[in-house]
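Remarks on the overall topology
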Amino acid sequence: MASCSKDPAVSTEEEPTETMASQKREERLRKFRELHFKRNEARKLNHQEVVEEDKRLKLPSNWEAKKSRLEWELAEDEKKKECAARGEDYNRVKLLEITADEAERWERKKKKKNPDTGFAGYAEAQFRQYQRLTKQIRPDLQSYEKQREESGEDFYPTSNSLSYGSHVPTKDGIDRMVEDVEKQIEKRAKYSRRRAYNDDADIDYINERNAKFNKKAERFYGKYTAEIKQNLERGTAV
């Protein structure tokens with residue numbers, strides 16, 4: 001009878017213990033599931049970043065600049081369409097939105113845009129001259145319309161047209177060309193090519209022609225005859 005009276009007390013003590021153990025186990029499992037979910041989420045994000053980085057590396061080096069340029073052009077087209085729909089001049093609307101600081105910055109950039117770097121080559125010099133001459137052109141629309149009316153269909157010649165070479169320039173056009181050529185001749189006369197001359201250099205020539213020949217020989221054979229030349233100067237040549 002004594003043993004039977006102890007059983008209910010033991011069972012009541014074991015139930016809270018099992019409940020606490022099950023709660024701890026559930027808590028650990030919940031944390032484990034959260035960690036597992038976070039790990040999968042981090043793995044997914046890392047994979048997406050790797051894919052995006054691979055795409056960026058395969059793109060051209062100036063892709064970001066091109067992208068921003070295209071986005072700007074699309075925005076400009078949208079603004080032009082909106083202004084056209086409202087019946088407004090887009091250039092006027094755009095100028096009204098420009099601040100004084102932006103205008104001043106653009107002016108400074110425009111001044112630095114085409115600096116004269118001097119003579120770098122005949123092609124660059126010819127291209128700069130072409131740009132300078134084209135900027136000076138002021139089209140005469142009245143003479144253009146008059147010539148188009150007089151020429152008729154021959155104004156736009158084809159392979160079968162016989163009007164090629166029949167154009168006669170105006171006196172003003174000839175005067176402008178002569179004035180520009182005279183300016184070029186005057187500017188070219190001021191050019192002077194300065195040649196470097198070293199007063200302390202050894203004189204190993206008898207005239208100008210011999211000096212040029214010695215320079216050419218030194219340029220091509222100097223590294224092969226340097227030791228012989230030094231031995232001759234020291235007087236130790238064999």
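Residues numbered from 1 in each chain as written. Predicted model: local features only at pLDDT ≥ 70, side-chain atom pairs only at ≥ 80, totals over all residues. Heavy atoms only, no water.

1. Structural notes on the overall build of the chain
Secondary structure assignment for the chain yields eight helices and zero strands. Taken from the N to the C terminus, the helices and strands of the chain come in the order α-α-α-α-α-α-α-α. Residue burial in the chain is summarised as follows: out of 238 residues, 5% are buried. Sequence separation of 24 or more characterises 14% of the internal contacts of the chain that already satisfy a separation of 6 or more. (Helix = DSSP H or I, 4+ residues; strand = E, 2+ residues; numbered from the N terminus. Buried < 20%, exposed > 50% of the residue type's maximum accessible area, 1.4 Å probe, protein only. Contact = heavy atoms within 4.5 Å.)

2. Side note on the environment of E88
One can find E88 in the loop between α2 (63–86) and α3 (90–97). When near neighbours in sequence (up to four residues on either side) are disregarded, E88 contacts C83 and V93.

3. Observations concerning a negative patch on the surface
Taken together, the side chains of D202, D204, E218 and E233 present a region of like negative charge at the surface. Checked against the element boundaries, D202 lands in the loop between α7 (171–189) and α8 (208–234). The exposure class of D202 is exposed, given its relative accessible area of 62%. (Patch = residues over 30% accessible without salt bridge, like charges linked within 9 Å, V, L, I, M, F, W, Y side chains within 5 Å. Areas by Shrake-Rupley, 256 points an atom, 1.4 Å probe, with all protein chains shown as cover. Salt bridge = Lys/Arg side-chain N within 4 Å of Asp/Glu carboxyl O. Lys, Arg positive; Asp, Glu negative; His and termini not counted. Charge placed at Lys NZ, Arg CZ, Asp CG, Glu CD.)

4. A short note on the pattern of salt bridges
In the structure shown here, the tally under the stated rule is ten salt bridges. R69 is the salt-bridge partner of E73, the closest N and O atoms lying 3.3 Å from each other. Remark: R69 and E73 occur in helix α2; sequence separation between them is four residues, near one turn of the helix. Look at R69 and you get partly exposed, because its relative accessible area is 47%. Across the pair E179 and K183 runs a salt bridge whose closest N-O atoms are separated by 3.8 Å. One end of the pair, E179, and the other, K183, are both in helix α7, four residues apart, so they sit about a helical turn from each other. On the accessibility criterion, K183 (51% relative accessible area) is exposed. It is possible to trace a salt-bridge network through shared partners that takes in E27, R30 and E34.

5. With respect to a nonpolar patch on the surface
Residues I174, M177, V178, V181 and I185 make up a contiguous nonpolar surface patch of roughly 420 Å² in combined accessible area. Topologically, V181 is positioned in helix α7.

6. Focus on the confidence of the model for the chain
Low-pLDDT stretches of the model should not have their predicted coordinates read in fine detail. Mean pLDDT over the chain: 80, with 87% of residues reaching 70 or higher. When pLDDT is averaged over each helix and strand of the chain, the minimum, 77, is found for helix α1 (residues 2–58) and the maximum, 88, for α8. Scored below 50 in pLDDT, residues 1–6 makes zero contacts in the model with residues more than four places away or belonging to other chains. (pLDDT = per-residue confidence, 0-100.)

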